[in-house]
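If you want the building blocks of each chain, they are given just below.
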Amino acid sequence: ISNGIPKRMNDIDYINFISNEEMQRKLGPGNKSRSSLQMIEKFPKIKIPNKFFKNNGKLGLIDMKGVIGNAPETYSNGSVYADFDNDGDLDIVVNNIDEPATFYRNNARQPQTSDSAEQPNAYLRLNLTGSKSNPRAIGAKAIVFAGKEKRVYEKFAVHGFQSSSEGPIQIGLGGATADSIKLVWPDNTFEQVSVAMKDTLLNIVYKEGLAKFDYLPVFHQLQYEGAPCVDITSASGLNFQHKENLFNEFNREQLMPHMLSTEGPAIAAGDFDGDGLQDLFLGAARNCKSQIWIQQPEGKFRLSSQPALDADSAFEDVSATWIDVNKDGKPDLVVGSGGNEFYGGSEFQQPRLYLNDGKALIRKQDAFPKMNTTVSVVTAADFNKDGAPDLFVGGRAVPMEYGSLPQSYLLMNDGTGKFRDVSNINVTGLSNAGFVTNASWVDIDKNGDPDLLVSYEWGPLKIFLNNGGSLKEKQITDKKGWWNFMIPVDIDNDGDLDLIAGNLGLNSRLKASSEEPVKMYQLDFDGNGRKEQVVTYFINHKELPFASIAELSKQMPVLKKKFLYAGEFAKATLEEIFDESKLNAAASYSADYMSNAVLINDGNQNFELQELPWEAQLTSYRDAVVIDANKDSLPDLLLVGNYFDSNTEMGRYDADMGTILINKGRGGFKVETLNGAVLKGQSRHVVKLNNGLLVVARNNDSAVVLKF
């Protein structure tokens, strides 16, 4: 990538300078004077080396900085690829402004040492002569079959701005051998090319009357291990549409890395009407009605009118569970309220309990103590073995104070559906442990008591081991991430429960490690009575704010006086931007691991953390469910995710359309897309019904029913 023209027209300081009214008048129509040329001369100029990136074969590019020898700082804006020294690899000539061109010699086929016995990378060249109307055969394609690989090389002279390279098609083989080549001419006819030798030039002339090429058998025969998956939403009759309410959380807290107000909808499966079939609760956003869908014997769903839910449409429902709180044999409904919109002890932050009389839900008004948190999860288990299910309610955030620790609650049921807070009685380290994203109960130590798994943003994965109703915290891994969930499943079939954990993934500007973590500082940095969040990351081993000077100044106007120019801000250290004393006084959080992962249990609740394959790192996964995709003895998983409402500098996480993890044993997985169905949008939760159907709840979109 060449570094461009000398004048930096996108320089922030220049844009601010040229954008004021006086400068615009001088540069307006009829005012093309000498002063406008003087304005042009004020464009900043900076010389930097050109950039080289190497494809890692995993949809990623590796910066080759430090590998390119004698790389000069230039003003470059055009390049040509050609084998100037006839050694079989492509060299590069780059055009420079006001100085001689730069020649980059490619040494890929040169031995690393004089006595090296290593064979150089192999290559082929196709010199094409096309038809009379296209003698250079522009648009021809060479499809190279090398082992299990299929490579496509296309002949186009233009590869970039002010850059054109005309010559043979260069096929770099590395250490591979080309088994065969199909040459597709621009008119879509093709011929088979015989590959008798490597490191050679093949001259091929277009011939009329060749057969037409069919791309379908070559490129669209994916080899799925997973069984076909069908979207049966329409046939099922489940016509639920989640409509997110309009609330831009960044208007209230501009420096948040992502909004927390769009984490719904909730979904919960339970036999509401007692007919043996699992029915569905689907939660709505604020000012929309949550719904109950009754499953019919033929597998279809019908909407059940529930006035109690309609009356509570002002709540934002992000989590729910069916439990029989009063021991009458009918599952009741507990709903957690999120949205992060309400604050100050609003009633819309309260969880709700709806008692089930067999036909309708009736809200129990005195079920819970006063609770003031944005809820991320409600999950139930009889942790004290008294016959009545209890609850854990996870706190996601404190509204209007992202970075302040929310309160989570362990609630004990008295057997009638009235709950009391025992967070500081039966457990330590749970109520203010962090920013809870998800939780579930499971007996992971096999002592007969349900244990509590909790995932955290800006924190680790934890388990609260239950011993006779007393819960004790244990850290599953010391890796802190933006963890979204944990799913317990015996991955290796050894009799104990392992874990699949969803995280931010690796397709992000935020790169984290133990040495260079992503951090967040929270403090009232400007003394206006409101706490601000400063998210930092490392660039060239230097810790810097992720937000730009423009974003920071909107939240903290005092920085405009401290840094009159963006150039000054760009050169400043973190301690120069924010006083070191304030950084030391701030609440501080970090994340040093962003990979989606599997954790293998050694049988004693000690877990080995393993990164999932790169194909399962392309988005932020939000939930998963255990399936048997290929009818073997090992459990597979369906991962769902994506998240759109991030800071604009981070962009949307939208690379997933439904991912299957085919279990290959010993913690290894093959990653596949769904075999047939396509799952677009922001999937928040997925549940598996007892008849095998999968139901996916999507934010600001329709629910989806899948069948394997």
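See the structure above.
Scope of this entry: the structure provided in the associated data block. Everything quoted here is computed from the prediction, not taken from an experiment.

Within the protein chain, the regular secondary structure consists of 11 helices and 47 strands. Based on the C-alpha atoms only, the size of the protein chain along its principal axes is roughly 85 × 65 × 55 Å. Taken across its 708 residues, the protein chain has 51% of its residues classed as buried. Across the protein chain, contacts joining residues at least 24 apart in sequence account for 56% of those joining residues at least 6 apart. When the accessible surface of the protein chain is totalled, it reaches about 33,200 Å², and 50% of it is carbon and sulfur. Within the protein chain, one finds 73 positive and 92 negative side-chain charges whose respective centroids are separated by 6 Å.

A separate point is the sheet that holds strand E38 (residues 587-591). In a beta sheet, neighbouring strands pair by backbone hydrogen bonds and run either parallel or antiparallel. Within the open sheet, the 4 strands sit side by side as E37-E36-E35-E38. Their pairing is antiparallel. Each having just a single partner strand, strand E37 (542-545) and E38 make up the two edges of the open sheet. Between one strand axis and the next, the sheet turns by 25 degrees as a mean value, whatever way the strands run. With 5 bridges joining them, strand E35 (residues 518-523) and strand E36 (residues 532-539) adopt antiparallel strand pairing. What sits directly across from Met-520, in E36, is Val-535.

Another point: the environment of Gln-605. Checked against the element boundaries, Gln-605 lands in the loop between strand E39 (597-601) and strand E40 (607-611). Judged by its relative accessible area of 15%, Gln-605 is buried. Taking the C-alpha atoms as reference, Gln-605 lies 6.8 Å from Asp-445; in sequence the two are 160 residues apart.

Right, let's get into the sheet that holds strand E28 (residues 409-413). The strand order across the open sheet formed by 4 strands is E26-E27-E28-E29, and the pairing between neighbours is antiparallel. Two strands in the sheet have a free side with no partner beyond their single neighbour: strand E26 (374-381) and strand E29 (419-421). Sheet twist, expressed as the mean angle between neighbouring strand axes with direction ignored, is 25 degrees.

Let's shift gears to the environment of Val-377. In this structure, Val-377 sits in strand E26. On the basis of relative accessible area, Val-377 is assigned to the buried category, the value being 4%. Linking Val-377 and Leu-282, residues 95 residues apart in sequence, is a C-alpha distance of 14 Å. Sequence-distant contacts of Val-377, defined by excluding residues within four places in its chain, comprise Ser-319, Phe-392, Val-393, Gly-394, Val-436, Asn-438 and Ala-439.

By the burial criterion, the buried members of helix H1 (residues 12-19) are Asp-13, Tyr-14 and Ile-18. Down the axis of H1, the smallest arc covering the buried residues is 125 degrees, so these residues share one side.

Now for the layout of surface pockets. Within this model, the second largest pocket holds a volume of roughly 1,100 Å³. Forming the boundary of the second largest pocket are 39 residues, of which Asn-438, Ala-439, Ser-440, Ile-487 and Asp-623 lie nearest the centre. Looking at the lining of the second largest pocket, the elements that each hand over two or more residues are strand E18 (267-270), strand E22 (317-323), E26, strand E30 (435-442), strand E31 (451-467), strand E33 (485-489), strand E41 (621-627) and strand E45 (682-688).

It is worth spelling out empty space enclosed by the protein at this point. Within this structure, the stated rule accounts for 3 cavities of 30 Å³ or more. Space inside the largest cavity adds up to approximately 110 Å³. If you go around the largest cavity, you meet 14 residues; those closest to its centre are His-258, Trp-482, Asn-484, Ser-620 and Arg-622. Computed from the structure, the second largest cavity encloses a volume of approximately 80 Å³.

Turning our eyes to something else, we now look at unusual backbone geometry. In this model, Gly-264 is joined to Pro-265 through a cis peptide bond whose omega is 10 degrees. Backbone geometry places Asn-86, a non-glycine residue, at a positive phi of 55 degrees. Residue Asn-86 is classed as exposed on the basis of its relative accessible area, which comes to 67%. Phi angles above zero are rare outside glycine, and Asn-287 is one such case at about 70 degrees. Position of Asn-287 relative to the elements: it lies in the loop between strand E19 (279-282) and strand E20 (291-295). Residue Asn-287 is classed as exposed on the basis of its relative accessible area of 53%.

Further remarks concern the nonpolar core. Formed by 22 residues in total, the largest nonpolar core has its most connected members in Trp-458, Trp-482 and Leu-510. When residues of this core are traced back to their parent elements, those giving at least two are E35, E36 and E38. Not counting the four nearest positions on each side in its chain, Leu-510 is found in contact with Trp-482, Leu-504, Val-518, Tyr-537, Phe-546, Met-594 and Met-650.

Under the counting rule described, the total for this entry stands at 18 aromatic pairs. Where Trp-185 meets Tyr-206, the ring centres are 5.4 Å apart and the plane angle is 80 degrees; that geometry is what we call edge-to-face. Taken together, the residues Trp-185 in the loop between strand E14 (180-184) and strand E15 (190-193) and Tyr-206 in the loop between strand E16 (200-205) and helix H4 (216-219) connect sequence positions 21 residues apart. A single burial state applies to Trp-185 and to Tyr-206, both of which are buried. Each residue in the set Phe-190, Phe-213, Tyr-215 and Phe-219 is aromatic and connected to the rest through ring pairs, giving one cluster. Here the guanidinium or amino end of Arg-352 rests over the ring plane of Phe-315, the centre of that ring lying 4.3 Å away. A cation sits over an aromatic face here: Lys-462 above Tyr-456, 5.3 Å from the ring centre.

What follows covers the pattern of salt bridges. Within the structure shown, the criterion is met by 27 salt bridges. Linking Arg-396 and Glu-263 is a salt bridge whose minimum nitrogen-to-oxygen distance equals 3.3 Å. Of this pair, Arg-396 sits in strand E27 (residues 390-397) while Glu-263 sits in the loop between helix H5 (233-236) and E18, placing them 133 residues apart in sequence. Residue classification places Arg-396 among the buried residues on the basis of a relative accessible area of 3%. Residue Glu-341 is joined to Arg-286 by a salt bridge in which the shortest nitrogen-to-oxygen separation is 2.6 Å.

Turning our eyes to something else, we now look at the pairing of strand E47 (residues 704-707). Each regular strand shows side chains that alternate between the opposite faces of the sheet. Both strand E17 (residues 230-231) and E47 contribute to a ladder of 2 bridges, which runs antiparallel. Within E47, the residue paired with Asp-231 across the bridge is Leu-706. In this structure, the hairpin formed by strand E46 (residues 694-699) and E47 is closed by a connection of 4 residues, where Asn-700 is found at a positive phi of approximately 55 degrees.

With that settled, the discussion passes to a nonpolar patch on the surface. A cluster of nonpolar side chains, contributed by Ile-1, Phe-53 and Leu-61, occupies part of the molecular surface with about 350 Å² of accessible area. By the element assignment, Phe-53 lies in strand E2 (residues 53-55). Look at Phe-53 and you get partly exposed, because its relative accessible area is 37%.

Definitions and cut-offs
Residues numbered from 1 in each chain as written. Predicted model: local features only at pLDDT ≥ 70, side-chain atom pairs only at ≥ 80, totals over all residues. Heavy atoms only, no water. Helix = DSSP H or I, 4+ residues; strand = E, 2+ residues; numbered from the N terminus. Buried < 20%, exposed > 50% of the residue type's maximum accessible area, 1.4 Å probe, protein only. Contact = heavy atoms within 4.5 Å. Areas by Shrake-Rupley, 256 points an atom, 1.4 Å probe, with all protein chains shown as cover. Lys, Arg positive; Asp, Glu negative; His and termini not counted. Charge placed at Lys NZ, Arg CZ, Asp CG, Glu CD. Pairing = 2+ DSSP bridges. Axes fitted to C-alpha atoms, helices over the stretch in contact; angles between N-to-C directions. Arc of directions from axis to C-beta. 1 Å grid on protein atoms, 1.4 Å probe; cavity = no way out; pocket = protein on both sides within 12 Å on 5 of 7 lines; lining within 4 Å. Points joined across faces, edges and corners; volume = space filled by probe spheres on them. Core = buried A, V, L, I, M, F, W, Y, C linked by side-chain atoms within 4.5 Å. Phe/Tyr/Trp six-rings, centres within 6.5 Å; stacked < 30°, edge-to-face > 60°. Lys NZ or Arg CZ within 6 Å of the ring centre and 35° of its normal. Salt bridge = Lys/Arg side-chain N within 4 Å of Asp/Glu carboxyl O. Patch = residues over 30% accessible without salt bridge, like charges linked within 9 Å, V, L, I, M, F, W, Y side chains within 5 Å.

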